[in-house]
Structures are given as structure tokens and as C-alpha cells.
Amino acid sequence: MEDERRDSNGTIGEGQKPGALKIYDGALSEGFSDDLIEIFNTNEKAHTRNQNDTLNFLEYNYTTNHKDEDVHKRLMEHTGQLYKHYLEDLGTTNMIKASGFEEIKIHKYEQGVGFHDLHIDAVDYESAIRAVAFTWFLNETDGNIDYPLQRIGIEARKGRVIITPVSWEYASNNHISKESDKYILQTYLHLA
């Protein structure tokens, strides 16, 4: 549900201060985004369904199935460079002891049914290792991701990445797409 405080096109409205939430367009090329969707779709047997009252999406563990490939290595290096750029934009240096990145996963939110209600990505002892979230849109749909505390709705644009801390201050809501399936690539920077 959109409200007057959020812009559906992913821009920050007047007076809004998203803090450590940053959006970068073109973080993945259109061709590479398409390739990742194709990889997801051709590996149906490796999909996992995540479904309960608060979420419904399919998941493919890209790292598990492609970790020895050069493309995976370059994607991890690219994510590290994005993190450096993110810190520069925040005007800070790295203040955490990082141990590396979590496995990269591709999520498919099926048209009309895929969603993830308001949530944070560090909810227990095991997930508390997550420090920073990287969420790329692999295609364009009407299924925005909202960050209510920042009063921003972010439109799904192919190649766009959202980088944000993983904490209750950055809870998000991944909306149902009525137009088409929505594909997202996601990983997290881990604390040591």
C-alpha cells in the first residue's frame, strides 16, 4: 500500500532522510541480470520454497551451485567494491570486523502471490552475523520494496541495488507484483 510519504519511483521525497539506506542504479548490467534469471529458471530442481503466513517466494542458492565459476568470483568482488562505494557515500570508513559475504541467493516472487511482509534480516543468534544487506532487482515490476521507517518505497528497476544496514531501523516490506514475476539477488556482509 502506497502512502503520500513514499515515492513509488524510488526517489527520496522532500524532507525524507533515509540515513544509511542507499540506492544505486546500474549496479548490475541488464544482460547479467537476464543471465541470472535464466540460471534460476533452468535450475528448478534446486529451488527451495519459503512460505508461511508472512512470506512466499522461491529461492536458488547461486553460491552453492556456482561458487567455483569465475563469474561468481567476480560478482563477490563487485559486491566488495559496492560496499566501499557505499561507505564513501556515507562519509565513513569501515568500522566493523567483516568476515566476508553470505551465500548469494536468487529469489523469485511469483506474480500475484510472492511477498515478504514487514521484516528484518537479522532475527536470531544465527542471523545476527549479518551487518549489511545487498538487494539487487533483476527485472522491472510493480512490486516495490518499502522501508516504512525511512518513508521510502523503492521501485523494482533492473540492475538496481539497495544497500542498507541489517537492523530493526531498516525493516522492509517486499510487495506482491501484479504485473509479472519479480526476481531479486541478495547477499549480506557478515561480522567476524
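For the structure itself, look to the data block above.
The structure contained in this document is the topic of the report that follows. Note that the structure is a prediction, hence the values are computed from the model and not measured.

1. What to know about helix H1 (residues 30-41)
At step 1: Given a rise of 1.5 Å per residue, 12 residues ought to cover 16 Å, and the 17 Å separating the end C-alpha atoms of H1 matches this to within 8%.
At step 2: Taken together, the buried positions of H1 are Phe32, Ser33, Leu36, Ile37, Ile39 and Phe40. Projected down its long axis, H1 shows its buried positions confined to an angular sector of 160°, all on one face.
At step 3: The secondary structure elements touched by the buried residues of H1 are strand S3 (55-61), helix H2 (62-66), helix H3 (70-90), strand S5 (105-109), strand S7 (130-137) and strand S12 (182-191).

2. Quick word on the environment of Leu55
At step 1: Considering the arrangement of structural elements, one finds Leu55 in strand S3.
At step 2: Residue Leu55 is classed as buried on the basis of its relative accessible area, which comes to 13%.
At step 3: Residues Leu55 and Glu88, 33 residues apart in the sequence, show an inter-C-alpha distance of 34 Å.
At step 4: Contacts of Leu55, omitting those with residues within four sequence positions, involve Asn50, Phe115 and His116.

3. A few points about the pattern of salt bridges
At step 1: Inspection of every chain in the model, using the stated rule, returns nine salt bridges.
At step 2: Linking Asp25 and Arg157 is a salt bridge whose minimum nitrogen-to-oxygen distance equals 3.5 Å. Of this pair, Asp25 sits in the loop between strand S1 (22-24) and H1 while Arg157 sits in the loop between strand S9 (152-156) and strand S10 (161-165), placing them 132 residues apart in sequence.
At step 3: Relative accessible area serves as the criterion here: at 48%, Asp25 is assigned to the partly exposed category.
At step 4: Each member of the salt-bridge network shares a partner with another, and the members are Asp25, Glu155, Arg157 and Arg160.

4. Some remarks on H3
At step 1: In a regular helix each residue adds 1.5 Å, so 21 residues correspond to 30 Å; H3 covers 30 Å between its end C-alpha atoms and thus fits that length.
At step 2: Among all positions in H3, only His72, Leu75, Met76, Thr79, Gly80, Leu82, Tyr83, Tyr86 and Leu87 are buried. Down the axis of H3, the buried set is contained in an arc of 155°. They therefore lie on one face.
At step 3: Just past H3, the residue Gly91 takes up positive phi, approximately 75°.

What counts, and at which threshold
- Residues numbered from 1 in each chain as written.
- Predicted model: local features only at pLDDT ≥ 70, side-chain atom pairs only at ≥ 80, totals over all residues.
- Heavy atoms only, no water.
- Helix = DSSP H or I, 4+ residues; strand = E, 2+ residues; numbered from the N terminus.
- Expected span 1.5 Å × (residues − 1).
- Buried < 20%, exposed > 50% of the residue type's maximum accessible area, 1.4 Å probe, protein only.
- Arc of directions from axis to C-beta.
- Contact = heavy atoms within 4.5 Å.
- Salt bridge = Lys/Arg side-chain N within 4 Å of Asp/Glu carboxyl O.

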